[in-house]
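# Overview (structure and organization)
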Amino acid sequence: MSDRYDLVVIGAGPGGYVAAIRAAQLGMKVACVEKRPTLGGTCLNVGCIPSKALLDSSELYELATHRFSKHGITADGVGLDLGAMMGRKDQVVKELTQGVGGLFRKNKIEPVYGAGKVAGPNSVQVTLNDGGERTLETNAILLATGSEPIELPFLKFDGKTIVGSTEALAFEQVPEHLVVVGGGYIGLELGSVWKRLGAKVTVIEFLPRIVPIVDHELGNQLYKILQKQGLEFQLETKVTGAEVKDGKATLSAETKDGKTLTFDCDKVLVSVGRRGYLDGLGLEAVGVEHDPKAGKVTIDAHFRTNVPSIYALGDIVSGPMLAHKAEEEGVAFAELLAGKPGHVNYETIPSVIYTWPEIASVGLTEEQLKEQGVDYRVGKAPFVANGRAKAMDEKDGIVKVLADAKTDRVLGVHIIGPRASDMIAEAVAVMEFAGSAEDIARICHGHPTLSETLKEAALAVDKRTINC
Ligand code: FAD
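Reading the values: rules and limits
Residues numbered from 1 in each chain as written. Predicted model: local features only at pLDDT ≥ 70, side-chain atom pairs only at ≥ 80, totals over all residues. Heavy atoms only, no water. Helix = DSSP H or I, 4+ residues; strand = E, 2+ residues; numbered from the N terminus. Contact = heavy atoms within 4.5 Å. Domains from an automatic or database assignment. Buried area = accessible area lost by both parts, 1.4 Å probe. Salt bridge = Lys/Arg side-chain N within 4 Å of Asp/Glu carboxyl O. Polar contact = N/O pair within 3.5 Å; in protein donor to acceptor, adjacent residues only side chain to side chain. Pairing = 2+ DSSP bridges.

## Examining unusual backbone geometry
Cis geometry marks the peptide bond from Trp356 to Pro357, where omega comes out at 0 degrees. Structurally, the position occupied by Pro357 is in the loop between β19 (351-353) and β20 (358-363). For the bond from His447 to Pro448, the omega torsion is -10 degrees, close enough to zero to count as cis. With respect to the helices, strands and loops of the structure, Pro448 is situated in the loop between α13 (437-442) and α14 (452-461). Backbone geometry at Lys108 places phi at a positive 55 degrees, although glycine is not the residue there. Assignment of secondary structure puts Lys108 in the loop between α4 (82-106) and β3 (110-120). The backbone phi angle of Asp246 is positive, close to 50 degrees, even though this residue is not glycine. By the secondary structure assignment, Asp246 is in the loop between β11 (237-245) and β12 (248-255).

Here it is in structure tokens:
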């Protein structure tokens, strides 16, 4: 069977499905090829959504077991039903992935379930999940095949004891001792989940700091707070191998000064980063320029590869591997394809770490400003001085605003604190409009709200805080 489309998208993650919807809205006939049985990609199936569902559930458990009493609530005999917690997470995933199916129907996008391969500049061959093959002829092909966890050669995934994030989202029991290899956001989020549910958690990080790309002052605060919560850290330590026997692992590692360490544990989560997934796409045969080792396709500012009808975006191109970055690219790509002025402002893409407290950032860090020799002013305000944070008993953290010393334009905002993920949107909006610290300082913020801490930090840039 052969069909002709304006656009065939390979991959139904946030990059691919959003591009498909926007292209359909602009009048194109679109098919979206997906090898999973459900739509939504890594993000909805095994990434952002299930991890946040477990973070929210485990946070409630933590509150009930450790912090309710401070609020005068007695909750004796609070128990954990891990099966039910996992069931709720699976239900959230199911509803959202089915929701994408609904959006496809609404926008008349044809989902094609199977593994897609570029058969030519205008042709995608699909090995259908239900058996058989199908060829889709198209004016344009969008590659949006996402990413997979990086495997260490001396620590191969076995799916049970040595695992990646997907398995760590679905352990059947709370591990006694979970060792997380890698102190990035995925390891810290999943480490927090299992710590709250009762596991001993040790994070081994090769570098001298966790979350190294985060503004160092906030990264240092997060490190101390997570230690207070009971997570253990082994920094400047290189994992060298593991022996697995009867469902237990003995992990060996070497410190910076050459000391050998061993860790006995029942689960090892390897979260040392992700690599773009280009397997079986047939890029060599069609001559699409890419770096197979890094899993990255080379594109120009309009998402075009070197083959005129083939485009790429999301985790398989440069930039932060984040769902909202992929979504923005999806919209911009479709608009450009339709001859409209699509654009992504990569300077205002926020990033969030959903530990508790959360870290949310946009723009440049203090380290980057120093490196670039920018003359800047800094304003900081702590949550301990915020009425709402006190009422919530959430006093850890600060907001830090970095502004150009001459123009006062906001160059970066970094928040560690409660609901930082929601608060960062205001800073993103201000930066999108090239606003100044004074703009934030003069905006009326509701009282009492956590966002007043952002206002105070903006006031602090000009050394005129009111409440701290
Ligand atoms: P993906 O979402 O990976 O989708 C690609 C799709 O393509 C997949 O469904 C795959 O099955 C399909 N595919 C691949 N090859 C083929 C083929 N040949 N034929 C057919 N289909 C194919 N990001 C955030 O912004 N916020 C978060 O909180 C966050 N949390 C995360 C937590 C975890 C545990 C993980 C693993 C990731 C998280 N991410 C988060 C990252 C986010 O999931 C990715 O950046 C995002 O999903 C990338 O979108 P994408 O469209 O490029 O690819």
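## Some points on the side chain of Ser192
With respect to the element layout, Ser192 can be found in helix α6 (residues 185-196). Setting aside residues no more than four positions away along its own chain, Ser192 makes contact with Leu55, Leu226, Leu231 and Thr355.

## Remarks on the domain arrangement of the protein
Domains assigned within the protein are domain 1 (2-149 + 275-346), domain 2 (162-272) and domain 3 (357-461). Listed by partner, the interface residues are 11 residues for domain 2 and 14 residues for domain 3. Both faces combined, the contact of domain 2 with domain 3 buries some 1,000 Å², and carbon together with sulfur accounts for 61% of it. Interface area lost by domain 2 to domain 3 is led by Asp215, Glu217 and Leu218, which between them contribute 50%. Where domain 2 touches domain 3, the interface holds three salt bridges. Between Lys400 and Asp215 there is a salt bridge, with its nearest N and O atoms 2.8 Å apart. Applying the counting criterion to the domain 2 and domain 3 interface returns five residue pairs in polar contact (both at pLDDT 80 or more).

## Observations regarding the sheet that holds strand β9 (residues 200-204)
Within a sheet, neighbouring strands are paired by backbone hydrogen bonds and run either parallel or antiparallel to one another. Strand order in the open sheet formed by five strands is β7-β14-β8-β9-β10, and the pairing between neighbours is parallel. In the strand order of this sheet, the two ends are held by β7 (162-163) and β10 (232-234), each with one partner. Note: β7 against strand β14 (residues 267-270), two bridges, orientation parallel. Looking across to β14, one finds that Val163 is bridged to Leu269.

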